[in-house]
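Structural overview
In case you want the letters, here they are:
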Amino acid sequence: MSIPTVLFEPRRPDGALSGGGLVLLHGGGGAQIDVPRFFSHAVRLTDHGLTVAMPNYFAGSGEAGEVRRSMTERFRVVVDDAVVWLAARPGVDRSRLALMGYSRGGHLATEVAVTKADVRAAIGVASAGGLEPAAIRRTPPVLLIYAKGDPVVRPRYTRRWAGVLRNREVPVTLRELDSPRHIFEDVEWSDIFSSARTFLTRHLV
């Protein structure tokens, strides 16, 4: 099936990230909430030459609040397909792709990066992961950004996921935000995307 996707194409083809591609995944609230939340940040990434795709991986699975855990494998397939689709876009170098996601999307971004997708890096924000160690077959560098007071995805879950990844030889960087929130404020999102851009520049350039 076709998945609705918002595509941000580079505004500066000579930017440091020119040729790179990022699949950016919404959280459990759905694309209708996170596309507006991420819009300006995605545009700023295109100023550095990056192509950004935001797929609505919930499409066809009911309302966001009704999405069941049993749908997770379907979402992983959709995310992997989105990486393949982005790799085929004009101007995108298929060897310079990354995944990034928030909350449920962060779980998917890192899980798909270490199991399915051919990506160079992955970023999970306010998220963790639930894979069995034996399922981890790929080792791209991973950045995990979390809030020390997150009441939804507790820091111990993120750190536990980092430990699982490291035990499978995945390079992991942890960044703790001095925040009590799971749903971040605008200034916090600016900080998060700044860290993400630095990480992507390190691994995609």
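Report on the accompanying structure. All residue numbers here refer to positions counted from 1 along the written sequence of the relevant chain. Only residues with pLDDT of 70 or above have their local features reported here, since the model is predicted, and side-chain atom pairs are shown and tallied only from 80 upward, although totals for entire chains, interfaces and linings are computed over all residues. Hydrogens and water molecules were not included; the side-chain quantities draw on all heavy atoms of the structure.

1. Things to note about the packing of helix H2 (residues 72–87) against helix H3 (residues 104–113)
- Each axis is a line fitted through C-alpha atoms, taken for helices only over the stretch in contact, and angles between the N-to-C directions span 0 to 180 degrees. Strands here mean DSSP runs of E at least two residues long; helices mean DSSP runs of H or I at least four residues long; both are numbered from the N terminus. Packing of H2 against H3 brings their axes to within 10 Å, and their N-to-C directions diverge by 65 degrees. When the interaxial angle is binned, H2 and H3 end up roughly perpendicular. Judged by the sense of rotation from one axis to the other, the crossing of H2 with H3 is right-handed. Contact with H2, carried on its side by Thr 72, Phe 75, Arg 76, Val 79 and Asp 80, involves Arg 104, Leu 108, Glu 111 and Val 112 of H3 and no other residues of that element.
- All residues other than Ala, Val, Leu, Ile, Met, Phe, Trp, Tyr, Cys, Pro, Asp, Glu, Lys and Arg, Gly among them, are scored as polar; the first ten of these are nonpolar and the last four charged. When its residues are assigned to classes, the contact of H2 with H3 shows four nonpolar, one polar and four charged. For classification, angles of less than 35 degrees are called roughly parallel, those exceeding 145 degrees roughly antiparallel, those between 65 and 115 degrees roughly perpendicular, and all remaining angles oblique. Note on convention: the crossing is left-handed when the near helix lies turned anticlockwise from the far helix by less than a right angle, right-handed when the turn is clockwise. Contact between two residues is taken to exist if any of their heavy atoms lie within 4.5 Å; hydrogens are not considered.

2. Let's talk about the environment of Val 119
- Mapped onto the elements of the fold, Val 119 is located in the loop between H3 and strand E5 (121–125).
- Sequence separation between Val 119 and Ser 18 is 101 residues; the distance between their C-alpha atoms is 16 Å.
- Apart from the residues within four sequence positions on either side, Val 119 is in contact with Val 83, Leu 97, Ala 98, Leu 99, Ala 113, Arg 138 and Pro 140.

3. Description of the sheet that holds strand E4 (residues 97–102)
- Strand pairing is defined by DSSP finding a minimum of two bridges between the two strands. An order of E1-E3-E2-E4-E5-E6-E7 is seen for the seven strands of this open sheet, with the pairing classed as mixed. Edge positions in the open sheet fall to strand E1 (5–8) and strand E7 (172–177), since each of these has one partner strand only. Neighbouring strand axes in the sheet, compared pairwise and without regard to direction, differ in orientation by 15 degrees on average.
- Sheet analysis places strand E2 (residues 21–25) next to strand E3 (residues 51–55), joined by three bridges and oriented parallel. Within E3, the residue paired with Leu 22 across the bridge is Val 52.
- The sheet contacts of H3 involve E2, E4, E5 and strand E6 (142–147), and relative to E4 the element is tilted by about 150 degrees.

4. Points about the side chain of Ser 103
- If you trace the backbone, Ser 103 turns up in the loop between E4 and H3.
- Its relative accessible area of 12% is what places Ser 103 among the buried residues. Burial here depends on accessible area, computed with a 1.4 Å probe over protein chains only, as a share of the maximum for the residue type. Under 20% is buried, over 50% is exposed, and the range in between is partly exposed.

5. Structural notes on helix H1 (residues 31–46)
- In a helix, the anticipated span is given by 1.5 Å times the number of residues less one. Counted at 1.5 Å a residue, the expected span for H1 with its 16 residues is 22 Å, but the 20 Å between its end C-alpha atoms falls short.
- For H1, the principal kink sits at Phe 39 and spans about 45 degrees.
- Where H1 is buried, its residues meet E1, E2, E3, E4 and helix H5 (186–204). The term bend refers to the angle at a residue between two fitted axes, each drawn through seven residues, those ending there and those starting there.

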